[in-house]
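Listed below are the residues making up each chain.
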Amino acid sequence: MSVAISGAEILVKCLQAENVDTIFGYPGGSVLHIYDELFKQDKIHHVLVRHEQAAVHAADAYSRSSQRVGVALVTSGPGLTNAVTGIATAYYDSIPLVVISGQVPTFYIGQDAFQESDAVGITRPCVKHNFLVKDVKDLAETVKKAFHIARSGRPGPVLIDIPKDVTAHKTEFTYPDTVNIRSYNPVVKGHQGQIKKAAHLLLEAKRPMIYSGGGVILSDAAEPLTKLARYLGFPITNTLMGLGAYPATDKQFMGMPGMHGTYEANMAMQHCDVLLAIGARFDDRVIGNPEDFATHPRKIIHIDIDPSSISKRVKVDVPIVGNVPDVLEELMKQLEAIGSKPDAAVAQWWETIADWRGRNSLNYRKNPEKIMPQAVVEKLWEVTNGDAFVTSDVGQHQMFAAQYYKFDKPRRWINSGGLGTMGVGLPYAMGVRYANPGATVACVTGEASIQMCIQELSTCKQYSLPVKIINLNNGYLGMVRQWQEMFYENRYSHSYMSSLPDFMKLAEAYGHVGMRIERPEDVGPALELAFSDKHKNDLVFMDFIIDPTANVFPMVSAGKGLSDMVLAEDHL
């Protein structure tokens, strides 16, 4: 006969059944029963962050850098509201998370009780789904549903809100082997007729282009994508969220497209006659103005797990709804069955691309007396042999990292794309390190972003997380300053950081190693020392004092088309 156990114990057993090994969280009154049960077991490791936002960011990066669902645990009221930024960040990048929030007892809900907040209502716009568990008998099945929804179809965060009395009540425990949600059945296999049509279009193309996004990374489709691209011999671009899906050092790779993409990638996107879009959504930062994009006729094939993303911003000719690796596998079969090779005119297309590449659009101004941020990232790539996990915050440093660190593997580039959340870099590095023990983890950040979650230096000390922080310090909100320079006649309204801490001393105050690098000739030695065996077990905070006038180029201004690019050569 089964013995009744508490809701808190049921929750922990459910997480164990889902093979969860790490939770990022912060305790509070509504979740103390859960924390007590975590204390009694040793299968799940709990990481005590210093702010709930960081808990969700860390769980997010844990998921991004692995193939697992990240888990965060927060208390009710301010615990939940502090977590919302992390939840929204994961939602806009389709990251599978399960966030567990405490809630006031069921009999207090709706009475403005201490630390009560409407978790379901507050998070509804930024979760894939959410649950309020009012009966302990529903808890196990709810957890099973949450993990299933988070990881299947187009992934995303799922919230489980659990009142404190539910964690105290008892019932018999059984964890379901499977779950059936009648209204939720994502399509996996693509339509055979559409895939066949796509195969013929690709083989007939004279100016083809492959455009892949974050969906390739999330569905672990980098291998079939690479196989397809090499079979066809077509040029390929990866979006900001898709970097690493195809090796950046390969000759077919065109660089990143969009607002800060390469000249060759954007020109090829504009002037191709057949565009194969895979796990990408034609967002504003990639194609610029949709009306301008539509003035260049082309046939578009769009593969995506989410039917709502197809023809959302750009009308497509061959829509294929399905799981990316399954569709790519079938597409390869169709191409091989047809037997013919791509049109011979593709060779002439490559000659055109070579001319575009000749513009060397990632060239940047050199200054022998000042550290250039681009040079720091190039040296970081060299010192880490291009094999590090690189997290970033949001701003100029994010773009420099995306442009100059050549990612050859998927899940190595961890950044906030859709929401563009400052402060993610350090907690992301923490999550990556837990998902990939022993890995080299570098956080590329800026002096403004790093201060938004800098308290997590304390977490890194407690758990001995030897991440390396590359702070590109220009004394400004860099991207804001760049826009003010270009579009607001140099009116630097509140973009200057006039009171910065001594980051070297601050890192040392937290018990870490601090460095301040001010001369170009010291960049290489500093990075080599930080990543050497001497500091293998240390968090090293490198504060690089960079040229404050350095801007991110190429650039497509907001509202402009991809052809309207401003190149660095215009400002050299």
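Below is a short write-up of the structure. (Residues numbered from 1 in each chain as written. Predicted model: local features only at pLDDT ≥ 70, side-chain atom pairs only at ≥ 80, totals over all residues. Heavy atoms only, no water.)

**Points about the sheet that holds strand β15 (residues 413–414)**
1) Next: Taken in spatial order, the six strands of this open sheet run β15-β14-β16-β17-β19-β18, and their pairing is parallel. The strands lining the two open edges of the sheet, one partner per strand, are β15 and β18 (513–517).
2) Next: The pairing of strand β17 (residues 468–473) with strand β19 (residues 540–545) spans six bridges and is classified as parallel. Residue pairing across strands places Lys468 opposite Val540, the latter belonging to β19. (Pairing = 2+ DSSP bridges. Helix = DSSP H or I, 4+ residues; strand = E, 2+ residues; numbered from the N terminus.)

**Some remarks on the packing of aromatic side chains**
1) Next: All chains considered together, the criterion is met by 16 aromatic pairs.
2) Next: Here the aromatic rings of Tyr405 and Phe407 are separated by 4.8 Å at their centres, their planes lie at 40°, and the arrangement is tilted.
3) Next: What makes Tyr405 buried here is its relative accessible area of 2%.
4) Next: Look at Trp483 and Phe487: their rings are 5.3 Å apart centre to centre, the planes differ by 70°, and that puts the pair in the edge-to-face class. Here Trp483 and its partner Phe487 are both found in helix α20 (residues 478–487), four residues apart, which amounts to about one turn of the helix.
5) Next: Taking relative accessible area as the criterion, Phe487 reaches 36% and is therefore assigned partly exposed.
6) Next: Taken together, the aromatic side chains of Phe24, Tyr62, Tyr434 and Tyr463 make up a single cluster linked through ring pairs. (Phe/Tyr/Trp six-rings, centres within 6.5 Å; stacked < 30°, edge-to-face > 60°. Buried < 20%, exposed > 50% of the residue type's maximum accessible area, 1.4 Å probe, protein only.)

**A closer look at the nonpolar core**
1) Next: Counting 72 residues, the largest nonpolar core has Leu225, Ile278, Ile301, Ile470, Met542 and Phe544 as the members making the most contacts within it.
2) Next: Non-local contacts of Met542, meaning those with residues more than four positions away in its chain, are made with Lys468, Ile469, Ile470, Asn471, Met515, Ile517, Ala526, Leu527, Ala530 and Phe531.
3) Next: Counting residues in hydrophobic clusters, the runner-up holds 50 residues, among them Val56, Ala83, Ala88 and Ile95. (Core = buried A, V, L, I, M, F, W, Y, C linked by side-chain atoms within 4.5 Å. Contact = heavy atoms within 4.5 Å.)

**Quick notes on the layout of surface pockets**
1) Next: The volume enclosed by the second largest pocket comes to roughly 520 Å³.
2) Next: Lining the second largest pocket we find 26 residues, and of these Gly255, Thr262, Leu362, Gln403 and Lys406 sit closest to its centre.
3) Next: The leading source of residues in the lining of the second largest pocket is helix α17 (residues 396–404), at three residues.
4) Next: Residue classes in the lining of the second largest pocket are distributed as eleven nonpolar, nine polar and six charged. (1 Å grid on protein atoms, 1.4 Å probe; cavity = no way out; pocket = protein on both sides within 12 Å on 5 of 7 lines; lining within 4 Å. Points joined across faces, edges and corners; volume = space filled by probe spheres on them. Nonpolar A, V, L, I, M, F, W, Y, C, P; charged D, E, K, R; others polar.)

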